[in-house]
Structures are given as structure tokens and as C-alpha cells.
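The chain contents come next:
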Amino acid sequence: MNNFQRVHLMGVGGAGMSALAKLLKAQGLEVSGCDLKEPHYDLENIPCQLGHSSEHIKTFKPDALILSSAVSHDNEEVIEAKNNGVKILSRAEALSSLFNKSQGIGIAGAHGKTTTSSMTGLIFLKAGLNPTVYVGANVPDIGSNAVSGSGENFIAELDESDGTFELFHPSVAIITNADWDHVDHYKTRDDVINAFIRFANGRKPGGTLIICAEDDGAVRVFNKCDKERGKIIRYGFGRNFDWSAEDIQSTHGGGISCKVFHDGEALGLLNLSVSGEHNILNSLAAIAAAYECGIKFETSAAILKNFHGSERRMQIKGLTDDNILIMDDYAHHPSEIKATLNAVRKIYPERRLVVLYQPHRFSRTAQFAPDIARALSIADEIFLLPVFSAGEKELSHSSSDEIVKNALKKITAVNFDDAIEKIKSSLKSDDLFLTMGAGDVYQIGEKFLAEKNRV
């Protein structure tokens, strides 16, 4: 990005684009942006126009236009930029141009990458290594979704959804899993595995690969990747891997603990404030990355003890006057739904679990409806919103009805306008109400909480 003085980001209000905008501003560039909605993330005084318009190019006169993946190339603003010789870049192209110059720690995976990136970033920050951090969500313990540091490490959550994570060449590559998702881009499971193999093999020569041994897809990646490229570290449960955890104990009301082993040697206890066995795995990946960069286990464990999670990851939104606990989670893939619901069950076994799920993308719903229905059956009562399209056109057999058809227990269909009234009549004192999905379902939990406590 050294060739540019002024950059303009379309879709700047989203998680990844807002983080990139802040990093570019910290590089000394003149940054502006636009979005169809009011930004959810703090842009730290970066000017943002509402909507897309060719006038933005005339106003801001950018050298480069950076596009969110949701922005079409036939948009009038993009066309105006092309007509004026403005360089057009994707988010991944812009971000990778910064990342690849550094000692990058790139975290990839269908699930867990946001939390693992947040944990890794927090460890490096608190340990005084002054890293640059890029995460696809707000991290309360960090205070942002991006930090521009002067140290050599660049810790970044990498997006596999459209294959652009292959543009990144980390010194340390982390693969949390290689589950099949984003079926609009990856037509088969093998397509996913092959993409992750290319990512693993694309790390810098002599670079380290840290990979989960508990995920079938990641195991396939490990078996087929280039073992001569550099060091490979595996993590999982038991004592058979480079980094391992056993004697896992969930804490009532939240949190989880385990004993940690490195090369079979017991290092000590890890106590987390966040919950779920999946977060034990996430923490092992972060601890392993930190260890490779000279941070001792004891330091990482002490820092992670006070890690409170990322926004929209098993996030407690509040408690109503009649003791209904409101939570929100970003889970939208069957594996994520299952992991979240099982974790919540262990934390709050005495509470009845009521879930409002919003399917995300027609392509994902069409492919995984039976698996989604099976995962949701862990809850005591299930409400279901229409599909959040994320810009996709509806496909055959892709509506919420497909989940209902495959339900193992009753699912009540609701829409955004009547959801609160229908759910309110069902909820009882001491219940746990969990909103779940990658769209805007969280707003319903927030509105419900506000209404209940206003009465």
C-alpha cells in the first residue's frame, strides 16, 4: 500500500473492513469510506458516507478503492473509480500487502478463528511484544477490532470464505479446523481441504504450521500438506500431541479449566473465563503460537485467565428483572451451533434453553438444513427466523422451511416483527434466551431485554 496516499473503502462499516481502515490510517494514509448502513464498528474519526455513489470518487479522490466482498463490480461507484484510473483492490489484497511484509501469524479455519485471533492478539499485547492485530469482531479486552503496533508480529484473522486467505503467507499459520462451509464457493469437501493445504504450503519457507488434531478436515490437511515446508505443531485433547489438554472441567455459571501438556510434559493449569471445550482448543493454538515467539506458557495462561471473549461469541447481553438470562452467539454452521449449545448446557444446566436461530445464507441452508435441525434439537425450545440472505438470491430448498421439515422436535417459525411477542409468551423466569446466527438476530435479544426491564 506504499504506492497510495488516499484510499476509499466500500463497505467500511463491517468488521473486517473497519479494522483494515484503521490499520491503513495508522500507516499514514488518508482514509475514507462508505456503507449502506450506519457502521456498527467505531471508525475512529474516519469519514464515512451513507450509501454508495459515484460522487464519493469525486469528493475523496482516492488512489485506491478497496471493496468489501459484498460490493459488486458493476456498482456505479466502482465504475466511476475505474473510469478515473483508480486502482481497485479487494479487502484481502489490501490486507495481505501489509501482512506479508511482517512476521505474520495468520489464523484460518471455518470456526474458531475470531476467538483464536483475539486470544493470540491479547497474549502478544499483554506480553509487551507490541503487535499489529486484525480481528473480525470487537474484542472487549483489546478495546477494538484492530491495533497498529510497532513490533514485528502481525496477528490476523484470515477469511477462507472466498479463497482469498491463500494470498497470505504467514511465518506462523494456524488452522483451527477445515470444516466444509461457504458452499457457494467450495462445491465439495475436497475443495475446502485442498484450499487449506495450499494455505498451509503457502506459509513462508521454514515457517511453522499449528494445526488442530481434533478436526477430521484438519487431519486430512496435515496428512497431505508439505512436511518439508517447515515445523508442524499439532494440538488436541489427551497427551499425544505437541500441545495437549486433559482433565477438562466446566465451571457452573461460565468458564472452563484443564491441565496443559507440552510434548507430554505437564506445564500446569489453564483456567479460562470463557466456556466450552472448543475454547480449550482455541487457547492451545494461541498458546502454541505465543510459545514459538518466545512467550512462556505461564505468561500466556495468566493473560488468558482474564480473556472475556469476542463480541457475539457466547456473549451475555443481560439479565431481566425476572431472571431470564439473555445471551447471543454468532454460530451459523451446524458444528458451531452444536458446540455453542453443548457449552451453554454445561454452564447453565438448571436453566431451560430457548433458542432463536436465524439461518445465514440460502446456499448454507440448502446444503446443511438437516444438520442444522439436528444441532438445534439440543435446545429445549426453538424459534426460527427467515434466512438472512447476506446478498444471496434464494435457491430451491433453501428457506427456513427446510430446517423445519428436518426438525427432531417442534420448531416455531417467526418473523423479525413478531418474534419478541411470540417468544415473550413462551419464556419463563430463570430461562436462558439465546439468539444465534451471523445476521442481525442479536437485535431481537437486545430489544427483548430493554422491553422486559422497562416494564
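First, a word on what this report is: a plain description of the structure on this page. (Residues numbered from 1 in each chain as written. Predicted model: local features only at pLDDT ≥ 70, side-chain atom pairs only at ≥ 80, totals over all residues. Heavy atoms only, no water.)

Some details on the pattern of salt bridges
Point 1. As enumerated under the stated definition, the model contains 18 salt bridges in all.
Point 2. A salt bridge links Arg239 to Glu246; the shortest N-O distance between them is 2.8 Å.
Point 3. The residue Lys405 makes a salt bridge to Glu402 at a minimum N-O spacing of 3.1 Å. Taken as a pair, Lys405 and Glu402 lie in helix 12 (residues 401-405) at a separation of three residues, close to a single helical turn. (Salt bridge = Lys/Arg side-chain N within 4 Å of Asp/Glu carboxyl O. Helix = DSSP H or I, 4+ residues; strand = E, 2+ residues; numbered from the N terminus.)

Examining the packing of helix 5 (residues 113-126) against helix 8 (residues 277-292)
Point 1. Following both chains from N to C, one finds helix 5 and helix 8 inclined at 40°, their axes separated by 9 Å at the closest point. Accordingly, the angle class assigned to the pair helix 5 and helix 8 is oblique. The hand of the helix 5/helix 8 crossing is right-handed. On helix 8, the residues that touch Thr115, Thr116, Met119, Thr120, Ile123 and Phe124 of helix 5 are Asn279, Asn282, Ser283, Ala285, Ala286, Ile287, Ala289 and Ala290.
Point 2. When its residues are assigned to classes, the contact of helix 5 with helix 8 shows eight nonpolar, six polar and no charged. (Axes fitted to C-alpha atoms, helices over the stretch in contact; angles between N-to-C directions. Parallel < 35°, antiparallel > 145°, perpendicular 65-115°, else oblique. Left-handed = near helix turned anticlockwise from the far one by under 90°. Contact = heavy atoms within 4.5 Å. Nonpolar A, V, L, I, M, F, W, Y, C, P; charged D, E, K, R; others polar.)

Comments concerning helix 10 (residues 334-347)
Point 1. An ideal rise of 1.5 Å per residue puts 20 Å on 14 residues; helix 10 measures up with 20 Å between its terminal C-alpha atoms.
Point 2. Taken together, the buried positions of helix 10 are occupied by Pro334, Glu336, Ile337, Thr340, Leu341, Ala343, Val344 and Ile347.
Point 3. On its buried face, helix 10 is in contact with helix 8, strand 17 (325-329), strand 18 (353-357), helix 11 (362-376) and strand 21 (432-436). (Expected span 1.5 Å × (residues − 1). Buried < 20%, exposed > 50% of the residue type's maximum accessible area, 1.4 Å probe, protein only.)

Examining the pairing of strand 15 (residues 265-272)
Point 1. Pairing analysis gives seven bridges linking strand 14 (residues 256-262) to strand 15, with the strands arranged antiparallel. Among the inter-strand pairings, Cys258 is bridged to a residue of strand 15, identified as Leu270.
Point 2. Connecting strand 14 to the antiparallel partner strand 15 that follows it, the hairpin turn spans two residues, and Asp263 within it adopts a positive phi of roughly 50°. (Pairing = 2+ DSSP bridges.)

Description of the packing of helix 10 against helix 11
Point 1. Remark: helix 10 packs on helix 11, axes separated minimally by 9 Å, with the N-to-C direction vectors making an angle of 0°. With respect to helix 11, the element helix 10 is oriented roughly parallel. Each of Pro334, Ile337, Lys338 and Leu341 in helix 10 lies in contact with helix 11, whose residues at this interface are Phe368, Asp371, Ile372, Ala375 and Leu376.

Structural notes on the sheet that holds strand 11 (residues 208-212)
Point 1. Pairing is mixed in the open sheet, where ten strands are placed in the order 8-7-9-6-10-11-12-13-14-15. Looking at which strands have only one partner, the edges of the open sheet turn out to be strand 8 (144-147) and strand 15. Along the sheet, successive strands turn relative to each other by an average axial angle of 15°, direction set aside.
Point 2. Sheet topology places strand 13 (residues 243-250) next to strand 14; six bridges connect them, and they run antiparallel.

Let's talk about the sheet that holds strand 3 (residues 48-50)
Point 1. The sheet built from five strands is open, its strands ordered 3-2-1-4-5 with parallel pairing. Among the strands making up the open sheet, the edge pair consists of strand 3 and strand 5 (87-90). Adjacent strand axes in the sheet meet at a mean angle of 20° when their direction is disregarded.
Point 2. This element, helix 1 (residues 15-26), spans strand 1 (6-10), strand 2 (30-35) and strand 4 (64-67) of the sheet and lies at about 170° to strand 1.
Point 3. Lying on the sheet, helix 3 (residues 76-83) is in contact with strand 1, strand 2, strand 4 and strand 5; it crosses strand 4 at an angle near 150°.

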